[in-house]
Every structure is written in C-alpha cells, then in structure tokens.
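Remarks on the overall topology
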Amino acid sequence: MELHLNSRTDFTRNKGCRVCKNRTLYKFLKLGPTPPANSILKQEQLLLKETFYPLDIYLCPECSLVQLKDVVSPKTLFTDYVYLTGMAMTMKQHFHLLAVEVVNDFNLSKDDLVIDIGSNDGTLLKGFRHLGIKTLGIEPSTNIALIAKREGIETINDFFSVGVAKKIVQSKGHAQVITGTNVFAHINDLDGTLQAVDNLLTSDGIFIIEVPYLVDLLSKTEFDTMYHEHLSYFSLRSLVTLFKRFNLELFDVKRIPVHGGSIRCYVRRVPSEIKSSVHQLLSLEKDLKLGIVDTYLEFATKVKNTRIQLTSFLKRLKEEGNGIIGYGATAKGNTLLNYCKIGTEILDYIIDNTPFKQGLYTPGMHIPIMHPNRLVKDMPDYVLLLAWNYLDEILEKEQKYRELGGKFIVPLPEPKIV
Ligand code: TMP
Ligand code: ZN
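First, a word on what this report is: a plain description of the structure on this page. (Residues numbered from 1 in each chain as written. Chains lettered and ligands numbered in written order. Predicted model: local features only at pLDDT ≥ 70, side-chain atom pairs only at ≥ 80, totals over all residues. Heavy atoms only, no water.)

1. Here's the deal with the sheet that holds strand S15 (residues 350-351)
- The six strands are arranged S16-S15-S14-S17-S18-S19 in an open sheet whose pairing can be described as mixed. This sheet does not close on itself; its edge strands, each paired only once, are strand S16 (369-370) and strand S19 (416-417).
- Sheet topology note: the strand S14 (residues 324-327)/strand S17 (residues 382-385) ladder contains four bridges and is parallel. Pairing of Tyr327 across the sheet is with Leu385, part of S17. (Pairing = 2+ DSSP bridges. Helix = DSSP H or I, 4+ residues; strand = E, 2+ residues; numbered from the N terminus.)

Listed below in structure tokens is the structure:
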C-alpha cells in the first residue's frame, strides 16, 4: 500500500473549512485508506501497486459542512472518467424534467443561454436544447466531453474557472441560467467557482445546483457516498453561508429523491425574496443538531454496525452455498466494498451497463466487472445492489431474473432482501 502522500504532487491537505475557513475541524470517521473510487483497473494492472489515499471525514461546527480535508488532484480523478449520466433512465428522466421546469419557471426564451458546469455526456443540456434554448457545456473529462460533442452538444473540455468564464462572456455573452448538478461536491476551490459564476451570470440570472443532502446521508446511513471525489457533504446552512460571501442568495430549495436524497438550490444575486422552503429546512437542520459533533459520532457508530451486519449477513449466505454477485460497479460500491473488505470470496463478479467498465476490475478489492447479460445466464442466488439509488429502475429491468427466483439485497442502512 502506497501512503507516502506528503511527497506526492497529486494530493493536498486543506488547512481549514472550504466554506467558512474555520481552522478547527473534527474528524469523526475514518473509511480509508482507499483507492479513488472510479480508478478501475485493467487486468495487467492488478499486480501493480495501487495508490491509496486517506478517506477521513470531518465536521466544521461553524457552518456545518461535512468534508474531506485530504484532496486528491482533480486532474488525477477527472481527466479520464468513467461515469456517464445517460446510463441510468432515472437520471435521464430527472434531468429532462429539470430542463422543462427551469424553462417554465424562469420564462426562458430562445435568446437565453444555459450553461452546465460538469456537463458530463450532455444529458441535461439535451433537455434545454430540445426546448429551443441555447446551451453550452463545460466538462473536464476529455473522453466524456467527446461523447457530448458527438451528440451535438457544444462542450468546452476544461475545468470551470474564472478564465474559462471570461472567455465565454467574450464569445457568447452572459448566461441567464447556470446549472451544476452533482458537481459542487467535487470542487475544492468553491471560492474560485463562485467568482467564475459571478463573472458569467447575467445580473438577474439564476444559478441552480443539485447536491446530495447531508440530512439524507445521515438518516439513511449512506456512508458509501463518501469517497475522494465527494469533498463536501452539504447542509443547507453551509451553502447559505458560502453564497453570502459572494453576495449571492440561496432563495429557494427543493428536496429531490435522486442519489439517495438530494437538494436542488436556487441562487441569485442579492437582494432576493427568500422562500419559506429555505427557512423550513434551516430549522429542520437545527432540530437535527447538524452543527454538533455528537450527531456525527452517533452516525459513525451506525456505520461500524452496518459493516458488521452486512459482512456477517453475506458470509452466512455464502456458507449456505449461495452464489452472490454485485449490481453496478459504482463509485459508492467501491467505498462499501473496500470499507467492509468484501472481495471475490463473497462476490463472484459485478455487472454494469457502462461499456468503459466491462472487462475491468474494481479498485482495491479487484472484483471483475461484467456485462449485465450474465445475470440471467448465470442465475446467481443473490445480487447485492451496489447501485441502490436505482432500485426501482433495476428491479423493473431485471424482472426475468426475479421471476426465475433470483433475489436482490439492498445493503443499507441494514441488509434487506427485496
Ligand atoms: P451511480 O450510482 O454513481 O449513478 O452509478 C451507477 C452505475 O450503475 C453506473 O456504472 C451504471 C450502472 N447501472 C447499471 O449497470 N445498470 C442500470 O440499470 C443502472 C441504472 C445503472
Ligand atoms: Zn465551515
């Protein structure tokens, strides 16, 4: 295991909170050392040393941001990427509805420009384009940006920054709407990002982000969503604090069901009228004691219990002679597998519909990834659902397997057969 990180150039450690700059953070959970959750391996790499990084989770009691201090370089994590938004119907439908809602709510017209940060394969922008709105994507992963471009979605292959924002303003003007879905948690330099947003947004423009919500993470023990790409686990309060520093106001919020429970936040320049939804969630967070370390020590105990329950449950099934495979070679699956030390003695292989992942091996635990057509061919007794955020979609898709007697196991918050 490679852990001489001080000399590494692809790794840094923050000195304080990335939102409010407070220097006193409390570490409440250690999930690592772990390899980056999406660095899946070719067969010939299995014998080489993998790089493991700390996966320690901290609370900032000042602004209630839960976060990693240890930051793996974004170039290492994102230049060549494996996650495609369009692989899940749930997300395609979700983003289609988001585009329709935004166009209606903010009366967008053909002259307006919508810019998506971390636009991935262009799934969200396709929805806007379909409605006749001008779009532009910004996506740092070269291979993924190429997929979007091939589908006709204009995409800048770069990390979003003030420099990129200024260039866009020169060539295309300001954006009426900027979106960032499941990207805000990936960004270490939030200040730089908001400066870039400030440069790019029209004076009455709207910035919309979707992030997994800390309240859902805690209440459903979704510790597997913690990995190096996810640097921040946002409370609403931490976001309000952040935007205030840039003269921006979070004026509306909606809880949405994607990725285990997320929030969609609407932001614009001050002064704006703040909707009651914001006050309600802030008061819920106060009731739930999100700024107090005891809340997180309790969570850490639940995480440890989950590991014991899940591993003994799977071992028992295996001892009884059952065949088990995994479903979804997900990033969160890799946190779960590495933290619980679940390897090929439990899971024969994992199926995944992403072409990039098939034929490769999961980081750390080295479980082979196969095409989903193996499921009905092999008929394993159980399938561990690592992509639990798509439970409904996958149960529907795999009806045949279930009719033939196959069973799914949802791993969290405690193992359950469905
Ligand atoms: P995510 O949980 O990070 O969104 O990743 C989902 C992974 O699960 C991605 O690799 C695609 C895979 N997947 C399948 O293999 N089959 C499916 O039906 C769905 C919805 C996802
Ligand atoms: Zn803070």
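Back to the text.
2. Side note on the sheet that holds strand S4 (residues 65-67)
- What the four strands build is an open sheet, ordered S2-S3-S4-S11; its pairing is antiparallel. Either end of the sheet is taken by a strand with one partner, and the two such strands are strand S2 (26-30) and strand S11 (232-233).
- One ladder, built from three bridges, connects strand S3 (residues 56-60) with S4; its direction is antiparallel. Note on S4: the bridge partner recorded for Leu59 is Val66.
- Sitting on the sheet, helix H10 (residues 293-319) touches S2, S3 and S4, and the angle it makes with S2 is about 10°. (Contact = heavy atoms within 4.5 Å. Axes fitted to C-alpha atoms, helices over the stretch in contact; angles between N-to-C directions.)

3. Notes on the packing of helix H8 (residues 236-244) against helix H9 (residues 276-287)
- In contact at an axis separation of 9 Å, H8 and H9 are set at 125° when each is read in the N-to-C sense. Classed by the angle they form, the pair H8 and H9 counts as oblique. Judged by residue contacts, Leu236, Arg237 and Val240 of H8 engage Val278, Leu281, Leu282 and Glu285 from H9.
- Looking at the contact of H8 with H9, its residues break down into five nonpolar, no polar and two charged. (Parallel < 35°, antiparallel > 145°, perpendicular 65-115°, else oblique. Nonpolar A, V, L, I, M, F, W, Y, C, P; charged D, E, K, R; others polar.)

4. With respect to the nonpolar core
- In terms of nonpolar packing, the biggest core is built from 131 residues, with Phe184 and Phe207 touching the most fellow members.
- Ranked by residue count, the leading element in this core is H10, at eight residues.
- When sequence neighbours within four positions are dropped, the list of residues in contact with Phe207 reads Ile117, Ile178, Phe184, Leu194, Val197, Leu201, Phe243, Cys265, Tyr266 and Val267.
- Counting residues in each nonpolar core, the second largest holds eight residues, with Val72, Phe78, Leu84 and Ile144 among its members. (Core = buried A, V, L, I, M, F, W, Y, C linked by side-chain atoms within 4.5 Å. Buried < 20%, exposed > 50% of the residue type's maximum accessible area, 1.4 Å probe, protein only.)

5. Observations regarding the pattern of salt bridges
- Here the structure, examined in full by the defined rule, presents 18 salt bridges.
- Lys27 is the partner of Asp56 in a salt bridge, and the nearest nitrogen-oxygen pair spans 3.3 Å. Of the two residues, Asp56 sits in strand S3 while Lys27 sits in strand S2, which places them 29 residues apart along the sequence.
- Residues joined by salt bridges that share partners form a network here, namely Glu101, Glu210, Lys254 and Arg264. (Salt bridge = Lys/Arg side-chain N within 4 Å of Asp/Glu carboxyl O.)

Bear in mind that shape data such as this cannot, by itself, settle questions of function.
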